[in-house]
Amino acid sequence: MAAAGVVSGKIIYEQEGVYIHSSLGKTNDQDSLISGILRVLEKDAEVIVDWRPLDDALDSSSILYAGKDSSSVVEWTQAPKERAHRVAEHLNSYEAEWDMVNTVSFKKKPHTNGDAPSRRNGKSKWSFLFSLTDLKSIKQNKEGMGWSYLVFCLKDDVVLPALHFHQGDSKLLIDCLEKYVALCESPQDKRTLLVNCQNKSLSQSFENLLDEPAYGIIQKIKKDPYTATMVGFSKVTNYIFDSLRGSDPSVHQRPPSEMADFLSDAIPGLKINQQEEPGFEVITKIDLGERPVVQRREPVSLEEWTKNVDSEGRILNVDNMKQMIFRGGLSHALRKQAWKFLLGYFPWDSTKEERTQLQKQKTDEYFRMKLQWKSVSEEQEKRNSRLRDYRSLIEKDVNRTDRTNKFYEGQDNPGLILLHDILMTYCMYDFDLGYVQGMSDLLSPLLYVMENEVDAFWCFASYMDQMHQNFEEQMQGMKTQLIQLSTLLRLLDSGFCSYLESQDSGYLYFCFRWLLIRFKREFSFLDILRLWEVMWTELPCKNFHLLLCCAILESEKQQIMEKHYGFNEILKHINELSMKIGVEDVLCKAEAISLQMVKCKELPQAVCEILGLQESEVTTPDSDNGEDENVGMTICPASAFQSNSLPVLTASGGRDDNPTEISMSPSVSRLTPA
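Residues numbered from 1 in each chain as written. Predicted model: local features only at pLDDT ≥ 70, side-chain atom pairs only at ≥ 80, totals over all residues. Heavy atoms only, no water.

Student: What exactly am I supposed to notice about the overall build of the protein here?
Tutor: Summing up its helical and strand segments, the protein has 26 helices and 16 strands in all. Across the protein, every contact between residues at least 6 apart in sequence was considered, and the portion connecting residues at least 24 apart equals 67%. In the form shown here, the protein has an accessible surface area of approximately 30500 Å², with 48% of it arising from carbon and sulfur atoms. (Helix = DSSP H or I, 4+ residues; strand = E, 2+ residues; numbered from the N terminus. Contact = heavy atoms within 4.5 Å. Areas by Shrake-Rupley, 256 points an atom, 1.4 Å probe, with all protein chains shown as cover.)

Structure follows, in structure tokens:
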């Protein structure tokens, strides 16, 4: 067994008493049973399966590599001297050891008749390791047939020796592996589990935020698909292609033009640009009229905020305050206080004393939940796989969340400890959802602003109430948002939508990351603070983030179409916009789009619902008798665009100091965002 210092990966599964039966049936053979230890490790986002004899001492001269003879029967051939020497130079780390092996290496003391090298206990020394990305299938023994065993088959058709579980059930290992890859029964043999079977693989890839091995984008993507996805979403398509192709050789020949059809199966229920509602085509013919020019104001200052607070601490004229925040954001000194109201942690009409009592109550509640997971012993956690899984994911994500920000940089950073503790406590708060990768991105700015564990937690819990459906297993929130985004974009520019469809990009899946974590990876850290506080006002509607998507895409339309970007070029281009988008420009354009739509007299009902508009009477030209027909239509609530005390932005970007008051029904119906 290798020294503990050599194997530096995080052990996520370990089982002793796992044997290789090297000479099954030969009772006089001293090497017939080789006892070993089986581990599954995480090392730099690589998931590795490693089996070693209990007495194995790492020896570079024993490395063998897999080769095939002319009859395609696997044989084990001694590695060339230079390869053994190369491994010997890099035995100081587990990572280096793995880097030397493409698929699998057997480390066995070679011997021939009469010149076998000396061995402790007379045992031959086998060991092997492989990356989970190279696993093709797992064969299991028949139930009731002695010790349970597993046989791993790799993608290059290498079949490893059967591992016999003398002291435990192999099902625990299967359960562990299923956290990283999708396994399903082979139609030909129920004893065989296939890795990344087509439908389940794709579904799981999205349900788990694409946290599975990607296809062909060098080892970095294969080692860390989550980071690769969040840092470079264009690379995801390669994974999608690989998952769709699976092991069917005929599918490998499919051109990219067919991949969009397969993608629709990846998120069941996602039907974009295939709407069948009567009158849907009207969207492509509507003249939205002239788009107004919008200007932003300065951020709300502490002085402005204070003027809107009464003697008992209540916020006065909440609608006006939200208007100012929507059009200018908040000064940083004010965020710690104002975000608690915007996120619903503090009621807008609460007094200072009421908020103090609420904080005391919420502090007690938080630490009671924190104590729940803090008091779980190691022995208890061994029997709680869900808690182990949550902890593992959280530890992995925390270590790579905003590490370039001074608040989180460096080792043993207290900010990282708080990130970890808040996310673990959230698992106690919402154990059904628990932790899903990506949630750390939503918490990081909140903790940065609050600088307080309890306040950050409750703000995060409120934010997750809005974002919950993005992270649920069925991803209904993501489906709905992609469909709604397509509807809005088609209304704005049907020609651009048609172009995207012609390039198999009509599903807008390059916007997946934008929607999933609300542009967290698209803007700088400080810009995301501004963007989020504007969106939290829920003005002009709760789906303002979809208008932001439209604004960004519209800005990139000219380059995409003039340069005739295809499927891959579009994804690459959108991905490379990260950290290059001006937040104020996008906010101006998105608000202008919303104003333009509201002025339109012929908005389709689907668009009205997305914008959360109120019913009124408008005229549409699609009646059966050829005459105008009155149908349900909507106008944006007054608070979304105008306020008696706030100057209204004119089409030219100027300010109207005497805005016209629009009377609105006190009961305004708004769409709940997905």
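Student: What is the right way to read the pairing of strand β12 (residues 192–195) from this model?
Tutor: Strand residues, when the strand is regular, have side chains that alternate between the two faces of the sheet. Summarising the sheet, strand β8 (residues 135–140) and β12 pair through three bridges and their orientation is antiparallel. By the bridge assignment, Ile138 is partnered in β12 with Leu193. With three bridges connecting them, strand β11 (residues 183–185) and β12 associate as antiparallel partners. When the bridges of β12 are listed, Cys184 appears paired with Leu194. Hairpin connection from β11 to β12: six residues lie between these consecutive antiparallel strands. (Pairing = 2+ DSSP bridges.)

Student: Just checking my understanding: could you explain the nonpolar core for this structure?
Tutor: As a rule of thumb, soluble globular proteins bury nonpolar side chains together. Ranked by size, the top nonpolar core spans 121 residues in total, and within it Phe519, Met597 and Leu603 carry the most contacts. The dominant element in this core, judged by the number of residues it contributes, is helix α17 (residues 453–471), at 11 residues. For Phe519, the contacting residues outside a window of four places in its chain are Arg513, Trp514, Ile528, Leu531, Met535, His545, Leu548, Cys549 and Ile552. Membership of the second largest hydrophobic core comes to 31 residues, among which are Ile20, Leu154, Cys176 and Val195. (Core = buried A, V, L, I, M, F, W, Y, C linked by side-chain atoms within 4.5 Å. Buried < 20%, exposed > 50% of the residue type's maximum accessible area, 1.4 Å probe, protein only.)

Student: Looking at this model, I keep getting lost on the packing of aromatic side chains. Mind explaining?
Tutor: Each pair of aromatic rings is reported with the distance of its centres and the angle of its planes. The full count for this structure, using the stated rule, is 29 aromatic pairs. Look at Trp339 and Trp536: their rings are 4.8 Å apart centre to centre, the planes differ by 90°, and that puts the pair in the edge-to-face class. Here Trp339, found in helix α11 (residues 332–342), pairs with Trp536, found in the loop between α21 (525–535) and α22 (544–562); they are 197 residues apart in sequence, far enough to count as distant. One exposure class covers both Trp339 and Trp536, and it is buried. Here a set of aromatic residues connected by ring pairs shows up, and it is made of Tyr366, Phe367, Tyr426, Tyr429, Phe457, Trp458 and Phe460. Here the guanidinium or amino end of Lys362 rests over the ring plane of Trp458, the centre of that ring lying 4.1 Å away. (Phe/Tyr/Trp six-rings, centres within 6.5 Å; stacked < 30°, edge-to-face > 60°. Lys NZ or Arg CZ within 6 Å of the ring centre and 35° of its normal.)

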